[in-house]
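Descriptive structure summary
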Amino acid sequence: ELALKSLGSEGLFLFSSLDTNNDLYLSPEEFKPIAEKLTGVAPISEFEEEETSDTSGETLSIMAKFQPLVMETMTKSKDGFLGISHVALSGLRNWTAPAVPMSVLLARQFKAFLPPKNKLDLGDPWWIIPSELNIFTGYLSNNRFYPPPPKGKEIIIHRLLSMFHPRPFVKTRFAPQGAVACIQAISTFYYTIAFRIHAEFQLNEPPHFPFWFSPGQFTGHIILSKDSSHVREFKLFVPNNRSLNVDMEWLYGASESSNMEVDIGYLPQMELESTGPSIPSVIHDENGNVIDSRDSSGEPIQFVFEEITWQQEIPWEEAAQKLEVAMYPFKKVSYLPFTQAFERAKAEKKLVHSILLWGALDDHKPLSASPVPGSGRTLRETVLESSPILTLLNESFISSWSLVKELEELQNNRENEFYSKLADLHLEKYNFPVEMIICLPNGTVIHHINANYFLDITSMKPEDVESSIFSFSANFEDPSTATYLQFLKEGLQRAKPYLQT
């Protein structure tokens, strides 16, 4: 109360965003973002100082490419952003180019991507930055403007993402956080490492309220020598193959419980790519003498690199799938594209288990624009990754998840009437934000339940649930697993007359 009286609500909001341990005292570390903002000088961390002190290693030039979010893809653009202040979206509208279009880094800084000694098999994932959140730990505060100082392996990720925007958070507010990687190819001296990173950006600064910009994922690969002295190739990007790939959330008040707006949109391009292999910063002749990096005509010396012969490798798709399952255990069940799922179901005479969402199921986004916060997130972190559900889905169903926007486009595409009808049957049953649907291979819906209703009934005491359709089983302590299992079994029971004919 004293702090509120001294600072006012907006002053206390800013103070709280810096006071990370909530002790009502700002340590020098907590005050650091404001000091950097006022002085314009960011001190070099001990880790970076250690890395940059060795200037004899090779350097890698990285180029950033960025096309801003297409505003028309935001749901709220349909009514002309009615009721949304221009100030709230100012950070988004003003972000039209990368903060640092070109950067030169030491090759050795990329050693964070090298595998630990116990992860040298192809496709065996490890965590570069471990996720510290799960369904039980909750999520991190929305009321923050400045990222905490990165440590250890976070530093290179932070440095790379800072090329896009000056305020990247390498640990997201929601699970799964972090960065995961696996070996995609091995040669005598080199690895190709595939990686996936979940990170987000804070686009606003005081006196505005926070605006969070959360791409679905960053993915990519790096080809580097086993001693990290040389990087042959590096690429990082936000996938743009789906119609929506960014989640946005912004606050409308000076407290954690203030109203929050949520929207999704499409980002055409956000990528980093090396301009070529890393090259020596200092060149020596055969006698060890330092020579000029330019020839007698003033042209830069051209380097010739040996061709890499890979002894073992797996396809990119397989590596990406391994990373996805590491982030999301529920992906131990294959989730096929919408139309492909029905084709497979017809061939295998199985039912389709379909999840229809406003936002993506397998991006790190919170999917929290609902009366029950994070219903999609809750599903994927509980029932969809539980062992009994995984077993039944693999045995008896073909699974798929789809965005509402994608099915609306399919519904309006009259070139394929069957696909259009499939989308139509799904959308008829959809209620915001997430609908779980069981249907026949011809698209007929035989069972469905809304995620909010599902979460409501599984949070009630068994004796308070009137419906016999979603009864609790004594075999499972977790009511949500038991209820979802019952939902799937009920669908199989209802489908028997159809599947037997």
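As shown above, the structure is provided for reference.
Because the structure is predicted, anything quoted here is derived from the model rather than measured.

**Points about the packing of helix H7 (residues 338-348) against helix H11 (residues 417-429)**
Where H7 contacts H11, the two axes come as close as 11 Å, and the packing angle between them is 100°. By the angle between their directions, the pair H7 and H11 is classed as roughly perpendicular. Mapping the contact onto sequence places Phe 338, Thr 339, Phe 342 and Glu 343 in H7 and Tyr 419, Leu 422, Ala 423 and His 426 in H11. Tallied by class, the residues present in the contact of H7 with H11 amount to 5 nonpolar, 2 polar and 1 charged.

**What to know about the pattern of salt bridges**
Scanning the model with the defined rule gives 17 salt bridges in all. Residues joined by salt bridges that share partners form a network here, namely Glu 132, Glu 154 and Lys 171.

**As for unusual backbone geometry**
Geometrically, the link from Ala 175 to Pro 176 is a cis peptide bond, its omega value of -5° lying close to zero. Along the chain, Pro 176 turns up in the loop between strand E4 (168-169) and strand E5 (178-186). Of note, the amide linkage connecting Pro 206 to Pro 207 takes the cis form, showing an omega dihedral of 10°. Assignment of secondary structure puts Pro 207 in the loop between strand E7 (200-202) and strand E8 (211-215).

**Points about the pairing of strand E11 (residues 246-251)**
Along E11, 6 of the 6 residues are buried, which leaves the element largely enclosed by surrounding structure. Residue alternation in E11 divides its side chains into two sets, Val 246, Met 248 and Trp 250 and Asp 247, Glu 249 and Leu 251, and both sets are buried. Relative to E11, E8 is paired through 5 bridges, and the arrangement is antiparallel. Across the sheet, the residue bridging to Phe 213 is Met 248, located in E11. Where E11 meets strand E12 (residues 260-265), 6 bridges bridge the pair, whose relative direction is antiparallel. From the neighbouring strand, Glu 249 faces E12, where its bridge partner is Val 262.

**Here's the deal with the packing of helix H12 (residues 451-458) against helix H13 (residues 479-500)**
The N-to-C vectors of H12 and H13 enclose an angle of 130°; their axes lie 9 Å apart at closest approach. The angle between H12 and H13 falls in the class oblique. Between H12 and H13 lies a crossing whose hand is right-handed. The segment H12 lies against H13, with Phe 454, Ile 457 and Thr 458 engaging Pro 479, Ser 480, Thr 483 and Tyr 484. The residue makeup of the contact of H12 with H13, split by class, is 4 nonpolar, 3 polar and no charged.

The rules behind these values
- Residues numbered from 1 in each chain as written.
- Predicted model: local features only at pLDDT ≥ 70, side-chain atom pairs only at ≥ 80, totals over all residues.
- Heavy atoms only, no water.
- Axes fitted to C-alpha atoms, helices over the stretch in contact; angles between N-to-C directions.
- Helix = DSSP H or I, 4+ residues; strand = E, 2+ residues; numbered from the N terminus.
- Parallel < 35°, antiparallel > 145°, perpendicular 65-115°, else oblique.
- Contact = heavy atoms within 4.5 Å.
- Nonpolar A, V, L, I, M, F, W, Y, C, P; charged D, E, K, R; others polar.
- Salt bridge = Lys/Arg side-chain N within 4 Å of Asp/Glu carboxyl O.
- Buried < 20%, exposed > 50% of the residue type's maximum accessible area, 1.4 Å probe, protein only.
- Pairing = 2+ DSSP bridges.
- Left-handed = near helix turned anticlockwise from the far one by under 90°.

Shape descriptors only; they carry no functional weight alone.
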